[in-house]
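Here are the chains, one letter per residue:
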Amino acid sequence: MSDILAQYRIPAEPYYRPVADEVTLFEAAYAAKMPLMLKGPTGCGKTRFVEHMAWWLGKPLVTVACNEDMTASDLVGRFLLDASGTRWQDGPLAFAARHGAICYLDEVVEARQDTTVVIHPLTDKRRALPLEKKGEFLRAHPDFHLVISYNPGYQSLMKDLKQSTKQRFGALDFHYPAHAVESEIVADEAKIDVATADKLVAIAERSRNLKGHGLDEGLSTRMLIHAGELIARGVAPLAACRVALVRPITDDPDMRDALDAAVATFF
Ligand SMILES: Nc1ncnc2c1ncn2[C@@H]1O[C@H](COP(=O)(O)OP(=O)(O)OP(=O)(O)O)[C@@H](O)[C@H]1O
Ligand SMILES: [Mg+2]
């Protein structure tokens, strides 16, 4: 029999360097069937962490990138017309609930609040999803788990989760890791030496101090890995930092000068 979950299984261990007690807490939340919300700035490891945990728990992972055009039917499912008539197709949320996958709703605040409320019955003790159009009351598989992520601070008042949504979740805060840990991650991911990774992290730390003083957000671990990957391919560090760090993050000439100066201090 073909395994319909095959494409959602994670075949090899995704590299994840634990930063605090998030692995143990995720395991406990999974066992307690407590939905989880991962909060933290962009590029700090939330998606990688979920991939790692799905692999570690041996569960398939269904990821949904949320956006404001998303409707409840996009999550739950709809009838499709084909040659033999109409056929029901589960949306990703119903699919994960039915087959016992971990469902990861990425950037959930991007979805409209009237879309987000469809997760409510799945995230309380009912653990069920009414498929009204189909006339089915879908009870979630015991292995089903719901994880959502968002970047706190980016959203306006209009774009936040309702209290009735928030209060159904446990939350894990993600931050950029401590200097030595972040250097290790950047070195491992970009395949560069730790001394070079160390310098990239030092530049990032300077940029993070500029948050709210001309920068909306500091340089993320993801950006440092980009810079490292260019360096690993023989690009000179100054050019690599310009392309991967400074130019993407700001268009402000003064801020670019300040960041270029930080780069020049270390390389
Ligand atoms: N603790 C970690 N262990 C291993 N790799 C990490 C870790 N933290 C960050 N990374 C690396 O940083 C990259 C970016 O992380 P990830 O994509 O998980 O960010 P994110 O928090 O999901 O960001 P966004 O909010 O933009 O989706 C990953 O591809 C991975 O290479
Ligand atoms: Mg992500």
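Rules used in this analysis
Residues numbered from 1 in each chain as written. Chains lettered and ligands numbered in written order. Predicted model: local features only at pLDDT ≥ 70, side-chain atom pairs only at ≥ 80, totals over all residues. Pairing = 2+ DSSP bridges. Helix = DSSP H or I, 4+ residues; strand = E, 2+ residues; numbered from the N terminus. UniProt positions renumbered as here; feature names shortened; annotations may be inferred. Axes fitted to C-alpha atoms, helices over the stretch in contact; angles between N-to-C directions. Near = placed C-beta within 6 Å. Nonpolar A, V, L, I, M, F, W, Y, C, P; charged D, E, K, R; others polar. Domains from an automatic or database assignment. Contact = placed C-beta atoms within 7 Å. Buried ≥ 20, exposed ≤ 12 C-beta atoms within 10 Å, placed from the backbone.

### A closer look at the pairing of strand E6 (residues 128–131)
Then comes step 1: Both E6 and strand E7 (residues 136–139) contribute to a ladder of four bridges, which runs antiparallel. The partner of Leu129 across the bridge, within E7, is Leu138.
Then comes step 2: Here E6 folds back onto E7 in antiparallel fashion, the turn holding four residues, of which Gly135 has a positive phi close to 70 degrees.

### Quick word on the UniProt feature "domain: CbbQ/NirQ/NorQ C-terminal" (unreviewed entry) in the protein chain
Then comes step 1: If you check UniProt for "domain: CbbQ/NirQ/NorQ C-terminal" (unreviewed entry), the listed places come out as residues 182–265 in our numbering.
Then comes step 2: Spanning residues 182–265, this segment combines 75% helix with 0% strand, and its end C-alpha atoms are found 19 Å apart.

### A short note on the sheet that holds strand E1 (residues 36–39)
Then comes step 1: On the basis of which strands lie adjacent, the open sheet formed by five strands has the order E2-E5-E8-E1-E9 and parallel pairing. Looking at the sheet topology across the chains shown, the edges are occupied by strand E2 (61–65) and strand E9 (170–173). Taking each pair of neighbouring strands and ignoring which way they run, the sheet shows an average axis angle of 20 degrees.
Then comes step 2: Bridge count between E2 and strand E5 (residues 102–106): five bridges; the pairing is parallel. Of the residues in E5, the one forming a bridge with Val62 is Cys103.

### Concerning the site of ligand 1
Then comes step 1: Around ligand 1, the surrounding shell holds 18 residues, and the nearest of these are Thr42, Gly45, Lys46, Thr47 and Arg48.
Then comes step 2: Counting residues per element, the ones that place at least two in the shell around ligand 1 are helix H2 (46–57), helix H7 (179–190) and helix H9 (221–232).
Then comes step 3: Taken together, the residues that form the shell around ligand 1 break down as six nonpolar, seven polar and five charged.

### Comments concerning the domain arrangement of the protein chain
Often, the extent of an interface is quoted as the loss of accessible area on bringing the components together.
Then comes step 1: The domains assigned to the protein chain are domain 1 (6–173) and domain 2 (179–266).
Then comes step 2: When each unit is reduced to the centre of its C-alpha atoms, the spacing between domain 1 and domain 2 is 32 Å.
Then comes step 3: Opposite the eight residues of domain 1 that make contact, domain 2 presents nine residues.
Then comes step 4: Of the residues in the side of domain 1 that touches domain 2, the class split is four nonpolar, three polar and one charged.

### Some thoughts on the environment of Gln89
Then comes step 1: Relative to the helices and strands, Gln89 is located in strand E4 (residues 85–90).
Then comes step 2: With 13 C-beta atoms packed within 10 Å, Gln89 lands in the partly exposed category.
Then comes step 3: Note: C-alpha distance between Gln89 and His226 (137 residues apart in sequence) is 38 Å.
Then comes step 4: When neighbours within four sequence positions are excluded, Gln89 is seen to be in contact with Gly77, Arg78 and Leu80.

### Description of helix H4 (residues 92–99)
An α-helical turn contains 3.6 residues, so a residue and the one three or four places further along point in the same direction.
Then comes step 1: Residues of H4 that are buried include every one of Leu93, Ala94, Phe95, Ala96 and Ala97, and no others.
Then comes step 2: Positive backbone phi, approximately 80 degrees, marks Gly100, located one or two places after H4.

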